[in-house]
Amino acid sequence: MPADERFAVRRESARASVPRPLTAAPAPAGVPLPPGLALRGRLATGARRPETPRGFGRGGSGSRTPRSGRGGGPRRAYERARRAWDRPLTAYYVILGSSLLITVLGLVMVYSASMIKALDISKPATYFFGKQFLAAVIGGGLMLIAARMPVKLHRGLAYPILMVTVFLMILVQVPGIGMSVNGNQNWLYLGGPFQLQPSEFGKLALILWGADLLARKQDKRLLTQWKHMLVPLVPVAFMLLGLIMLGGDMGTAIILTAILFGLLWLAGAPTRLFAGVLGFAAVLAFLLIRTSPNRMSRLACMGVSEPDPEGGCWQAAHGIYALASGGWFGSGLGASVEKWGQLPEPHTDFIFAITGEELGLAGTLSVLALFAALGYAGIRVAGRTEDPFVRYAAGGVTTWITAQAVINIGAVLGLLPIAGVPLPLFSYGGSALLPTMFAVGLMIAFAREDPAAKAALAMRRPGVRWKTMRRRVKKRSSGER
C-alpha cells in the first residue's frame with residue numbers, strides 16, 4: 001500500500017477514536033425522547049440552559065431557607081443588635097443622645113406645664129421656661145467642659161468641690177442668708193429671680209470625692225479592711241446628710257444615701273457590713289419619718305385614688321387623675337387640665353403626670369426608655385473600665401440618676417411616698433439641672449477614655465483620615481507615569 005494511502009487510513013481511524021458529543025436524533029412521531037438524552041442534545045447543539053427558579057437549588061424544591069423565616073429573622077436581628085451594642089462608641093453615643101433628648105423634651109414639658117402657673121403669679125407665660133432654658137444652656141457648657149476634661153483633672157477637682165459644697169451648705173443654715181422654700185431651709189438667694197440649692201451639688205461632690213478616696217485605697221489594697229472601707233467615707237456622707245436634714249429636705253437625703261450605698265456596693269463591701277449600714281439608715285429614716293407629721297401624711301398617701309374629705313393626699317390623687325386621663329397618646333401638647341390649679345407643682349415634682357396627660361402612655365414610656373438607656377450605658381462604662389476611679393464615679397452617677405428617677409416616677413404613680421425630688425434632666429430647677437448635666441459630661445468623658453473608643457474617635461477625625469490616605473498612596477507601587 002502506498003504511503004499516502006496508509007497516512008489517510010491512519011487519519012480516519014484517529015478521527016473515529018475521538019468521542020463526539022451526543023446529539024438528539026429526531027424522535028419518531030408520538031415517541032418522546034428520554035429527559036437525559038433530550039437535555040444532552042440541547043446542550044450539545046448550543047441551546048440555552050433553562051433557568052432554575054429562585055428558592056430551588058441542588059437540594060431540590062424548598063431546600064433553601066428563606067431570609068424571612070421565623071427562626072432566622074429574630075435571631076439575625078438580635079445578633080445585629082448585639083454587634084451594634086458591642087461597638088466601642090455605643091456607650092458614648094447612647095449617653096450623649098439620651099441625655100440630650102431628655103433635656104430637650106423636659107424643656108418642652110416645662111413650658112407646657114408652667115404656663116398657667118406663671119400667669120397665675122402675674123408673670124409672662126415663658127417665665128419658668130426662660131429660666132430653665134438659661135440653666136440648660138449653662139449646663140450644656142458644663143457638660144461640654146466635663147466631657148473634654150481628662151480623668152486626672154476630675155480627680156483633682158474632688159476635694160475643692162467637696163469643700164465648697166460643705167461651706168455653702170453651712171451658709172444656708174445661717175439666719176438671714178439661707179432661704180426657706182416649701183418648708184425646706186436649703187436655698188441661697190443669688191439676686192433677682194435666681195436661687196441656688198447647694199444640697200444638689202452635694203451629690204456630685206460625694207461621688208467625685210468618694211470615688212477618688214476608694215480608688216486610692218484600692219491601689220494600696222486597703223479595701224479588704226472594713227475600717228478603711230467605712231472611714232472616712234461614711235462619716236463624711238453622714239455629715240452631708242446632717243446638713244441636708246437640718247433644712248428638712250428628706251428627698252435629697254434619700255438620694256445621697258442611695259449614692260453612698262452604691263459606692264459601698266461597687267467597693268465590694270461584705271454583706272454583713274452592707275446590711276449593717278443599711279439597717280442603721282433604715283432605723284434613722286423611720287425615726288425621722290415617725291417624728292414628722294408632714295412625712296407621715298406623705299407616707300399615708302401611697303396608693304390612694306382620691307383625696308380624703310379634709311383635703312389630704314390632694315397632690316397624689318390628682319397625679320393619678322392626670323395619668324389616667326392621658327390614654328394611649330394623650331390629650332395633646334398643652335391641653336392638660338390638671339395644670340390649671342388642680343395639681344400642685346406640675347412643672348417640678350409632678351411633671352411626669354403632666355407628660356402622661358398630654359403625651360399619653362406613649363410619651364411616658366418614651367421617657368422611661370430614655371432613662372433606661374442612660375442607666376444601662378452608665379453600667380456598661382463602669383463595668384468595662386480598668387480604672388477604679390472611673391468605675392466608682394460612673395457607678396455613682398448611674399446610681400444617682402437612676403435612683404432619683406425611680407423615686408420621682410414611683411411617687412407620681414402612687415407606688416412610693418412623695419419625696420419632693422425632681423425628675424433628673426426633665427423637671428424644672430436650675431440647681432438640679434446644672435450638677436446633673438456636669439455628671440453626664442463626666443460619664444461622656446469616661447466613655448471617651450476607653451482605649452477602643454479613643455481609637456475609633458481618632459479614626460473619625462478628618463485629619464487622621466487624610467494622613468491615612470496619604471500613607472496608603474505613598475506605599476502604592478507606581479510603575480506608570
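Further up the page is the structure itself.
Student: Pulling in residues and values, what's your account of the environment of Ile401?
Tutor: In this structure, Ile401 sits in helix H16 (residues 388-412). Residues Ile401 and Ile255, 146 residues apart in the sequence, show an inter-C-alpha distance of 9.0 Å. Sequence-distant contacts of Ile401, that is, excluding residues within four places in its chain, are made with Phe371, Leu374, Pro424, Thr436 and Val440.

Student: Account for the pairing of strand S3 (residues 178-181), naming residues and giving values.
Tutor: As paired strands, S3 and strand S4 (residues 184-191) are joined by three bridges and run antiparallel to one another. For Gly178, the partnering residue across the bridge sits in S4 and is Leu188. Once S3 ends, the chain turns through two residues before running back antiparallel as S4, passing Asn182 with a positive phi of about 55°.

Student: So, the side chain of Asp349: which residues are in play, and what are the values?
Tutor: As for its position among the elements, Asp349 is in the loop between helix H14 (314-324) and helix H15 (351-384). Although Asp349 lies buried, it forms no salt bridge, and the closest oppositely charged side chain, Arg298, sits 6.4 Å away as judged by the N-O distance. If sequence neighbours within four positions are ignored, Asp349 has contacts with Asn408, Val412, Gly420, Val421 and Pro422.

Student: Please provide a residue-by-residue account of the environment of Pro451, values included.
Tutor: Turning to its location among the elements, Pro451 is positioned in helix H18 (residues 451-459). The exposure class of Pro451 is exposed, given its relative accessible area of 63%. Taking the C-alpha atoms as reference points, Pro451 and Thr385, 66 residues apart in sequence, are found 9.4 Å from one another.

Student: Tell me about helix H11 (residues 250-266), and please be specific about residues and values.
Tutor: The terminal C-alpha atoms of H11 lie 25 Å apart, and with 17 residues this matches the ideal 24 Å at 1.5 Å per residue to within 8%. Of all 17 residues that make up H11, 13 are buried, and the element is covered over most of its length. Following H11 by one or two positions, Gly268 adopts a phi angle in the positive range, close to 80°.

Student: Let's hear about the state of the cysteines: which residues, and what values?
Tutor: In the structure shown here, the tally under the stated rule is one disulfide. Cys301 shares a disulfide with Cys313; S-S distance 2.1 Å. On the sign convention where negative means left-handed, the S-S torsion of about -90° between Cys301 and Cys313 marks this disulfide as left-handed. Residue Cys301 is found in the loop between helix H13 (293-300) and H14, and its partner Cys313 is found in the loop between H13 and H14; the two are separated by twelve residues along the sequence. Just as Cys301 is buried, Cys313 falls in that class too.

Student: Run through a nonpolar patch on the surface, naming residues and quoting values.
Tutor: A cluster of nonpolar side chains, Trp328, Phe329, Leu361, Leu365 and Leu368, forms an exposed patch at the surface whose accessible area comes to about 580 Å². You can see Trp328 is positioned in the loop between H14 and H15. What makes Trp328 exposed here is its relative accessible area of 65%.

Student: Please set out the nonpolar core residue by residue, giving values where relevant.
Tutor: In terms of nonpolar packing, the biggest core is built from 110 residues, with Ile95, Leu233, Leu264, Phe389, Tyr392, Leu423 and Phe446 touching the most fellow members. Sort the elements by how many residues they give to this core and H16 lands first, with 13 residues. If sequence neighbours within four positions are ignored, Phe446 has contacts with Val151, Val381, Phe389, Val390, Ala393 and Ala394.

Student: Summarise the packing of aromatic side chains; cite the residues concerned and give the values.
Tutor: Following the criterion strictly, the structure yields eight aromatic pairs and no others. For the pair Phe128 and Tyr428, a centre-to-centre distance of 5.3 Å together with 90° between the ring planes defines the contact as edge-to-face. Highlighted residues: Phe128 in helix H5 (residues 127-148) and Tyr428 in the loop between H16 and helix H17 (430-448), separated in sequence by 300 residues. On the basis of relative accessible area, Tyr428 is assigned to the buried category, the value being 15%. An aromatic cluster is built from Tyr111, Phe129 and Phe133, whose rings are joined through pairwise contacts. The ring centre of Tyr392 lies 5.3 Å from the NZ or CZ of Arg391, which sits over that ring.

Student: I'd like a rundown of the sheet that holds S3, residues and numbers included.
Tutor: Taken together, the three strands give an open sheet; going across it, the order is S3-S4-S5, and neighbouring strands pair in antiparallel fashion. Here the strands that pair on one side only, and so sit at the sheet edges, are S3 and strand S5 (194-196). The sheet shows a mean angle of 55° between the axes of neighbouring strands, direction not considered.

Student: So what about the packing of helix H8 (residues 198-219) against helix H10 (residues 233-246)? Which residues, and what values?
Tutor: Packed helices, taken two at a time, are described by the angle their axes make and the gap between the axes. In contact at an axis separation of 11 Å, H8 and H10 are set at 175° when each is read in the N-to-C sense. What the angle tells us is that H8 and H10 run roughly antiparallel. Residues Ser199, Gly202, Leu206, Trp209, Gly210, Leu213 and Leu214 of H8 lie in contact with H10, whose contacting residues are Leu233, Val236, Ala237, Leu240 and Ile244. Along the lines of polarity and charge, the residues of the contact of H8 with H10 split into nine nonpolar, three polar and no charged.

Reading the values: rules and limits
- In every chain, residue numbers begin from 1 and rise along the written sequence.
- Where totals are concerned, whole chains, interfaces and linings use all residues; where local detail is concerned, this predicted model gives features only for residues with pLDDT of at least 70, and gives and counts side-chain atom pairs only at 80 or more.
- The basis for every side-chain value is the complete set of heavy atoms in the structure, and neither hydrogens nor water enter the calculation.
- Going along the chain from the N terminus, every DSSP run of H or I of four or more residues is numbered as a helix, and every run of E of two or more is numbered as a strand.
- For this analysis, residues touch if any pair of their heavy atoms sits within 4.5 Å.
- Two strands qualify as a pair provided that DSSP identifies no fewer than 2 bridges between them.
- In this scheme, a residue with accessible area under 20% of its type's maximum is buried, one over 50% is exposed, and one in between is partly exposed, where area comes from a 1.4 Å probe on protein chains only.
- Working convention for charge: Lys and Arg count positive, Asp and Glu count negative, and His plus the chain ends are omitted.
- What makes a salt bridge here is a side-chain nitrogen of Lys or Arg within 4 Å of a carboxyl oxygen of Asp or Glu, nothing more.
- Working rule for helices: expected span equals 1.5 Å times residues minus one.
- Here, two cysteine sulfur atoms that lie within 2.5 Å of each other are counted as a disulfide.
- Exposure above 30% relative accessible area and the absence of a salt bridge qualify a residue for a patch, where like charges join within 9 Å and nonpolar side chains (Val, Leu, Ile, Met, Phe, Trp, Tyr) within 5 Å.
- Residue exposure ignores everything except the shown protein chains as possible cover, and the areas themselves are Shrake-Rupley values with a 1.4 Å probe.
- Definition used in this section: a nonpolar core is a set of buried Ala, Val, Leu, Ile, Met, Phe, Trp, Tyr and Cys residues joined via side-chain atoms within 4.5 Å.
- Think of it this way: a Phe, Tyr or Trp ring, Trp meaning its six-membered ring, pairs with another when their centres are within 6.5 Å, and the plane angle makes it stacked under 30 degrees, edge-to-face over 60, tilted otherwise.
- Any Lys NZ or Arg CZ that is within 6 Å of a ring centre and within 35 degrees of that ring's normal is treated as a charge sitting over the ring.
- Interaxial angles span 0 to 180 degrees and are taken between N-to-C directions of axes, which are lines fitted to C-alpha atoms, for helices over the stretch in contact.
- Comment on the angle field: the value is read as roughly parallel under 35 degrees, roughly antiparallel over 145, roughly perpendicular from 65 to 115, and oblique elsewhere.
- Amino acids outside the nonpolar list (Ala, Val, Leu, Ile, Met, Phe, Trp, Tyr, Cys, Pro) and the charged list (Asp, Glu, Lys, Arg) are all regarded as polar, and Gly is one of them.

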